[in-house]
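Examining the three-dimensional arrangement
One letter stands for each residue in the lines below.
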Amino acid sequence: MSESAAPFVPDGADLDQLRAAAAACKGCHLWENATQTVFSRGSAGARVVMVGEQPGDVEDQRGEPFVGPAGVLLRRAVGDAGLSADDIYITNAVKHFKFRRQGKRRIHQTPDRTEIIACRPWLLAEFAQVSPRVVVALGATAAQALLGPSFRVTKQRGVLLPWPESAYHAEDFAQAGGSAKVMATLHPSAILRADDRDTAYAGLVDDLRVAASAL
Ligand code: URA
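Okay, so let's go over this structure. Fair warning: this is a prediction, and the values are worked out from it, not measured in the lab. (Residues numbered from 1 in each chain as written. Predicted model: local features only at pLDDT ≥ 70, side-chain atom pairs only at ≥ 80, totals over all residues. Heavy atoms only, no water.)

What about the site of the ligand?
All residues adjacent to the ligand are G52, E53, Q54, P55, G56, E59, P65, F66, N92 and H187. Q54 places a main-chain nitrogen or oxygen 2.9 Å from a nitrogen atom of the ligand. Within the side chain of H187, a nitrogen or oxygen atom sits 2.7 Å from an oxygen atom of the ligand. At a threshold of 2 Å from the grid points, most atoms of the ligand map onto the largest pocket. Of the residues in the shell around the ligand, the class split is three nonpolar, five polar and two charged. (Near = heavy atom within 4 Å. Polar contact = N/O pair within 3.5 Å; in protein donor to acceptor, adjacent residues only side chain to side chain. 1 Å grid on protein atoms, 1.4 Å probe; cavity = no way out; pocket = protein on both sides within 12 Å on 5 of 7 lines; lining within 4 Å. Sits in = over half its atoms within 2 Å of the grid points. Nonpolar A, V, L, I, M, F, W, Y, C, P; charged D, E, K, R; others polar.)

Notes on the layout of surface pockets
Empty space among the atoms becomes apparent when a probe as large as a water molecule is rolled across them. Here the largest pocket defines a volume of roughly 660 Å³. E53, H108, H187, S189 and R193 are, among the 34 residues lining the largest pocket, the residues nearest its centre. Those elements that provide at least two residues to the lining of the largest pocket are α2 (57-62), α3 (69-80), β5 (105-108), α5 (139-147), α6 (153-156) and α7 (188-193). Per-element accounting of the lining of the largest pocket gives the leading share, six residues, to α5. Looking at side-chain class alone, the lining of the largest pocket contains 16 nonpolar, twelve polar and six charged residues. Approximately 250 Å³ is the volume attributed to the second largest pocket. (Points joined across faces, edges and corners; volume = space filled by probe spheres on them. Helix = DSSP H or I, 4+ residues; strand = E, 2+ residues; numbered from the N terminus.)

So, the pattern of salt bridges
All told, the structure shown has eleven salt bridges when counted by the stated rule. Where R19 meets D16, a salt bridge forms, and the shortest distance between an N and an O atom there is 3.5 Å. Within this pair, R19 and its partner D16 are both found in helix α1 (residues 15-22), separated by three residues, close to a single helical turn. Exposure remark for R19: the relative accessible area of 28% places this residue in the partly exposed category. On the basis of relative accessibility, which here comes to 57%, the residue D16 falls in the exposed class. A salt bridge links K95 to E126; the nearest nitrogen and oxygen atoms lie 2.7 Å apart. A residue pair is termed long-range when its members are at least 10 positions apart, and K95 in the loop between β3 (88-92) and β4 (99-102) and E126 in helix α4 (residues 113-130) qualify at 31 residues. Exposure remark for E126: the relative accessible area of 2% places this residue in the buried category. Residues joined in a network through salt bridges with shared partners are D57, D60 and R106. (Salt bridge = Lys/Arg side-chain N within 4 Å of Asp/Glu carboxyl O. Buried < 20%, exposed > 50% of the residue type's maximum accessible area, 1.4 Å probe, protein only.)

Things to note about the pairing of β5
Relative to β5, β4 is paired through four bridges, and the arrangement is antiparallel. Paired with R100 across the bridge in β5 is I107. Connecting β4 to the antiparallel partner β5 that follows it, the hairpin turn spans two residues, and G103 within it adopts a positive phi of roughly 60°. (Pairing = 2+ DSSP bridges.)

Here you go:
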């Protein structure tokens, strides 16, 4: 049988109960090398859910999402776009850090489809608890997890789409229904790597303003 977090996700659990249960998740093999599960930050009352790829090296050690350099940039962009940090629930498509060792360094590896699918039951449970008005996929991995493997962030970023109708396997996300929207944008790490960081950053802020306009 394929790997899945489903047996670890308690039915009808609130966010605190989900976070506690996720700490013991062995739904795929990624738990073996990671320090800990990195679940989410934010409250069930948040109007925006942001989904990243997976925790990085710093997040893996601290146990919180987006606390490294990408998180610093994201928080600045959130403020510059006029969004309130209190209105944001932030999580990742995959809850364990995937990496390979190179000497003492741990080098990020992009999660593959089976790992993203295995971790999806956590995302579904989070959406059911938060019921956001806007969902923001940060980067290609999150966009593909939420919007399907043919979604291209570079071509389709910054466009508000109906949620959950646009979701990949929309029926799974139907609990989050209502009049929500979904939008994809660049991952903050891609902005840190960009040759023209200022332009890339301005693009992220513009996209987040589009998300803010849907609140
Ligand atoms: N990148 C992500 O996608 N998520 C994090 O939590 C940190 C960096």
